[in-house]
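Residues per chain, in single letters:
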Amino acid sequence: MRLLKVLLVALFVCSLLSSTSFATNNRRLVQAGKKIFLSKNLGNCLACHDIAGINIPQAGAIGPQLKHTANYNASYLYDKIWNPHKYNPTSIMPPFGKNAILTKHQIKAVVAFLKTIK
Ligand code: HEC
C-alpha cells in the first residue's frame, strides 16, 4: 500500500514536470514562430499580412489581415503555408515549404504562433 502511494506521488510529480516543460517548449516555439513571421529574411509574412491585435509597423496588405487564427485547424495552417496553391491555385502567396524557403520545423513554429492569435 505504501509503495503504491510512493509510486502515485512519483507519477504525479513526473506529470507536473512534463507538463511544465511542454508549456516552456511551446512558449519557445511560439516566440520562434513570431520572429519568423516578422523577419524579412525569414518568413517575411508581414510583407503581405497584418495581424489583428498586434501592431506590426509597415505590415503590407497584399494578403488578408490574419485574425482569429487560433480557431483555425493547425493542419490547415501548416498546409496553407507549405503550399498555398493547395487551397487556392492562383494564390500569390509563396509556397514556403514546397520551395524550401522555410523548414518543416520553422513552419510548425509559425503555426504555433498563429494558434495564439485569438
Ligand atoms: C506575397 C504576399 C504574401 C506573403 C509573403 C505571405 N502571404 Fe499569406 N496570403 C497571401 C494572400 C494574397 C492570401 C489570400 C489568398 C490565398 O488564400 O491564397 C494569403 C493567405 C494566407 C492564409 C490563409 C488565411 C485564411 O483566412 O484562410 C494564411 C494562414 C497565411 N496567408 C499565412 C501566411 C504566413 C504565415 C506567411 C509567412 C510565412 C505568409 N502568409 C506570407 C499573400 C502572402
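The structure this text deals with has already been given above.
One structure accompanies this document, and this report is about it. Just so we're clear, the structure is a prediction, and the values are computed from it rather than from any experiment.

Quick look at the overall build of the protein chain now. Scanning the protein chain for helices and strands turns up 3 helices and 0 strands. For the protein chain, the N- to C-terminal ordering of α and β elements is α-α-α. For a compact globule of 118 residues, the expected C-alpha radius of gyration is about 13 Å, and the protein chain comes in at 19 Å, more than 25% above that figure. With the principal axes as the frame, the protein chain shows a C-alpha extent of 65 × 30 × 25 Å. Looking at the protein chain as a whole, 16% of its 118 residues are labelled buried.

With that settled, consider the site of the ligand. Residues in close proximity to the ligand total 22 residues, the closest being G43, C45, C48, G63 and S91. It is helix 2 (residues 74-82) that provides the largest number of residues to the shell around the ligand, a total of 3 residues. Grouping the amino acids of the shell around the ligand by side-chain chemistry returns 15 nonpolar, 6 polar and 1 charged.

Let us now look at the nonpolar core. Formed by 16 residues in total, the largest nonpolar core has its most connected members in I107, V110, V111, F113 and L114. Taken together, the elements giving at least two residues each to this core come down to helix 1 (2-38), helix 2 and helix 3 (104-114). The leading source of residues in this core is helix 3, at 7 residues. Filtering out sequence-adjacent residues up to four positions away, I107 remains in contact with Y78, I81, W82, F96, G97 and L102.

What follows deals with helix 2. Among all positions of helix 2, only L77, K80 and I81 are buried. The arc that holds the buried residues of helix 2, viewed along the axis, is 95°, so those residues lie on one side.

The next subject is the environment of V9. Counting through the fold element by element, V9 comes out in helix 1. Residue classification places V9 among the exposed positions, given that 10 C-beta atoms sit within 10 Å. Residues V9 and I56, spaced 47 residues apart in sequence, show a C-alpha to C-alpha distance of 47 Å.

Scoring rules and cut-offs
- Residues numbered from 1 in each chain as written.
- Predicted model: local features only at pLDDT ≥ 70, side-chain atom pairs only at ≥ 80, totals over all residues.
- Helix = DSSP H or I, 4+ residues; strand = E, 2+ residues; numbered from the N terminus.
- Rg over C-alpha atoms; globule rule 2.2 N^0.38 Å.
- Buried ≥ 20, exposed ≤ 12 C-beta atoms within 10 Å, placed from the backbone.
- Near = placed C-beta within 6 Å.
- Nonpolar A, V, L, I, M, F, W, Y, C, P; charged D, E, K, R; others polar.
- Core = buried A, V, L, I, M, F, W, Y, C linked by C-beta atoms within 7 Å.
- Contact = placed C-beta atoms within 7 Å.
- Arc of directions from axis to C-beta.

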